[in-house]
Amino acid sequence: MKMLDQLKTIEEDALATLAAAHDAAGLEGWRVAVLGRKGSLTHALRGLGQLPRDERPAAGAEANRVKDRLEAAFSAHQEVLQQAEIAATLAAEAVDVTLPGRPPSLGRIHPSNAVLRRIYAIFGQMGFQVYDAPDVELDEINFQLLNIPPDHPARDMQDTFYTKDPAVLLRTHTSPGQIRAMRQFAPAPLRVILPGKCFRYEQVTARSEFMFHQVEGLAVGKGITMADLKGTLQEFANQLYGEGRQLRFRCSYFPFVEPGVEVDMDCILCGGRGCRLCKYSGWLEISGAGMVHPVVLRNGGYDPAIYTGFAFGMGPERITMLKHSIDDIRYFFSNDVRFLEQF
């Protein structure tokens, strides 16, 4: 009878203290004190074996009932606390759906890519297709097949990133794409532009970067003349910078064209009168160009006695700097959001 009274007392006290457990820590403390290995109910159950034989059945049945009730009460109270915690979290983190939405921050097209897309569109209207060439090139294609042998002084103008294999390098210009395009399409006529990144081992300054974009243009066919080159670049300048642009062509030297020219445009800021942007000359350099050298035509698979062609090259970063009066090329690849968000 003493065991039954003890179990009843344990049950009543445990239920009373369980109601006072208002958080997970208090509930865990109750479980350890009552149902744990050293808890009050566990200690009482260990005394069942010491009872007289005739008292054990009744005491054992009562002990199991008490244990089941306390465990059920523990589970029910645990569920109540968990639901209360969830409700409190939802209340604290509630979203007021009546507030106006917060628009996401949208990205912008990089200024170099924006100019590249404009260049694609302009030359696409004139029948040029975009031809992709690799950034990693062979010395043979990057230099030799473009009429620049190993001892040619023009190599000194293009400090080169070589790999461990001396025959493999990062392209210094997009011109090797001319050889790849001609060898793919020869002897059919072709009109392509060759955009991409170039790499030169140069000091990084406001006017030069070790990595930059170029766009090469190439047209090969029968009867192509310098007049076609002039007309193409004139139309390009009119569409990109506005109608009525004036161009001038100055003789220059490039190993892969003959004759070669530098192409200048009247300053878009001062209209040719002279200003800081054009260094008070009235002209801005926009491209290098010329008629494809017969050696290069032959290396590309065309007979220079039958076919002629023209080529030109320009830098999108240079064009963007002219259009927006940007005075430091390093801004393009510094990932400064303050600069990029202006475009």
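Look up a bit, the structure's there.
Residues numbered from 1 in each chain as written. Predicted model: local features only at pLDDT ≥ 70, side-chain atom pairs only at ≥ 80, totals over all residues. Heavy atoms only, no water.

Asker: How should I be thinking about the overall build of the protein chain in this particular structure?
Answerer: Tallying secondary structure elements over the protein chain gives 11 helices and 9 strands in all. For 343 residues, the compact-globule estimate of 2.2 N^0.38 gives 20 Å, and the protein chain exceeds it by more than 25% at 41 Å. Counting across all 343 residues of the protein chain, residues that qualify as buried make up 41%. If you take every contact in the protein chain between residues at least 6 apart in sequence, the share linking residues at least 24 apart comes to 67%. About 19,200 Å² of surface is accessible on the protein chain, with carbon and sulfur atoms providing 54% of the total. Within the protein chain, the 41 negative side-chain charges are centred at a point lying 2 Å from the centre of the 37 positive side-chain charges. (Helix = DSSP H or I, 4+ residues; strand = E, 2+ residues; numbered from the N terminus. Rg over C-alpha atoms; globule rule 2.2 N^0.38 Å. Buried < 20%, exposed > 50% of the residue type's maximum accessible area, 1.4 Å probe, protein only. Contact = heavy atoms within 4.5 Å. Areas by Shrake-Rupley, 256 points an atom, 1.4 Å probe, with all protein chains shown as cover. Lys, Arg positive; Asp, Glu negative; His and termini not counted. Charge placed at Lys NZ, Arg CZ, Asp CG, Glu CD.)

Asker: Before we go on, may I ask you to explain the environment of A63 in this structure?
Answerer: The topology assignment puts A63 in helix α4 (residues 56–92). It is 9.8 Å that separates the C-alpha atoms of A63 and T42, two residues lying 21 residues apart in sequence.

Asker: Would you take a moment to explain the side chain of T174 for this structure?
Answerer: Mapping T174 onto the fold places it in the loop between β3 (168–170) and α7 (176–185). Residue T174 is classed as buried on the basis of its relative accessible area of 0%. T174 has contacts with L194, P195, G196, C198, Q214, V215 and E216, leaving out every residue within four places of it along the chain.

Asker: Help me understand the sheet that holds strand β6 (residues 247–252) in this model?
Answerer: Strands belonging to one sheet form pairs held by backbone hydrogen bonds; the direction of such a pair is parallel or antiparallel. Read from one edge to the other, the open sheet built from 7 strands follows the order β1-β4-β5-β9-β8-β7-β6, with strand pairing classed as mixed. Bordering the open sheet on either side are β1 (129–130) and β6, each of which pairs with just one other strand. In this sheet, strand β9 (residues 308–314) lies alongside strand β5 (residues 211–221) in antiparallel orientation, the contact comprising 7 bridges. Within β9, the position partnered with E216 by the bridge is G313. (Pairing = 2+ DSSP bridges.)

Asker: Would you mind showing me how to read unusual backbone geometry here?
Answerer: Comment: phi is negative for the bulk of residues other than glycine, and the bulk of peptide bonds are trans. At the junction of A186 and P187, the peptide bond is cis and its omega measures out at 5 degrees in the coordinates. A cis geometry characterises the amide bond from E258 onward to P259, with omega recorded as 0 degrees. Looking at the secondary structure, you find P259 in strand β7 (residues 257–266). Its identity as a non-glycine residue notwithstanding, N335 has a phi of 60 degrees, on the positive side. The topology assignment puts N335 in the loop between α10 (316–324) and α11 (337–340).

Asker: What should I look at first to understand the layout of surface pockets in this one?
Answerer: Where empty space is left in the structure can be found by rolling a water-sized probe over the atoms. The space that makes up the largest pocket amounts to roughly 1,100 Å³. Every residue lining the largest pocket is counted, 37 residues in all, and those nearest its centre are R200, F212, Q214, F254 and E285. Contributing elements (two or more residues each) for the lining of the largest pocket: β5, β7, β8 (283–292), β9 and α10. Of all the elements, β8 adds the most residues to the lining of the largest pocket, at 6 residues. Of the residues belonging to the lining of the largest pocket, the class tally is 16 nonpolar, 11 polar and 10 charged. (1 Å grid on protein atoms, 1.4 Å probe; cavity = no way out; pocket = protein on both sides within 12 Å on 5 of 7 lines; lining within 4 Å. Points joined across faces, edges and corners; volume = space filled by probe spheres on them. Nonpolar A, V, L, I, M, F, W, Y, C, P; charged D, E, K, R; others polar.)

Asker: Looking at this structure, how should I read the packing of aromatic side chains?
Answerer: Remark: the centre distance and the inter-plane angle together describe each pair of aromatic rings, the angle taken between the planes. Tallied over the entire structure, the rule returns 13 aromatic pairs. Ring geometry for F123 versus F236: centroids 5.0 Å apart, planes at 15 degrees, classification stacked. Taken as a pair, F123 in helix α5 (residues 111–125) and F236 in helix α8 (residues 226–241) lie far apart in primary sequence, 113 residues in all. Grouping residues by exposure puts F123 and F236 together as buried. Measuring from centroid to centroid gives 5.4 Å for Y331 and F339, while their planes differ by 35 degrees, and the two rings are tilted. For Y331, a relative accessible area of 37% corresponds to the partly exposed category. Judged by relative accessible area, which is 8%, F339 ranks as buried. Through a chain of ring-to-ring contacts, three or more aromatic side chains come together here, namely F123, F128, F236, F310 and F312. Directly above the aromatic system of F249 lies the positively charged group of K230, at a separation of 5.4 Å from the ring centroid. (Phe/Tyr/Trp six-rings, centres within 6.5 Å; stacked < 30°, edge-to-face > 60°. Lys NZ or Arg CZ within 6 Å of the ring centre and 35° of its normal.)

Asker: Sorry if this is basic, but what is going on with the nonpolar core here?
Answerer: Proteins that are soluble and globular tend to have nonpolar side chains buried together. With 34 residues, the main nonpolar core has F123, F236 and M314 as its most contacted residues. The leading source of residues in this core is α8, at 6 residues. Those residues in contact with F123 that sit more than four places away from it in its chain are F128, I193, T232, F236, F312 and M314. Among the nonpolar cores identified, the runner-up in size contains 24 residues, and L145, L169, V292 and V296 belong to it. (Core = buried A, V, L, I, M, F, W, Y, C linked by side-chain atoms within 4.5 Å.)

Asker: Is there a simple way to think about the pattern of salt bridges in this case?
Answerer: Once the charged atoms of two side chains with opposite charge are near each other, the side chains can pair. Taken as a whole and judged by the stated rule, the model has 7 salt bridges. A salt bridge links D264 to R250, with the nearest nitrogen and oxygen atoms 2.5 Å apart. Placement of D264 in strand β7 and of R250 in strand β6 is noted, with a sequence separation of 14 residues between them. Judged by its relative accessible area of 31%, R250 falls in the partly exposed class. What you see here is one network of salt bridges that share partners, running through R248, R250 and D264. (Salt bridge = Lys/Arg side-chain N within 4 Å of Asp/Glu carboxyl O.)

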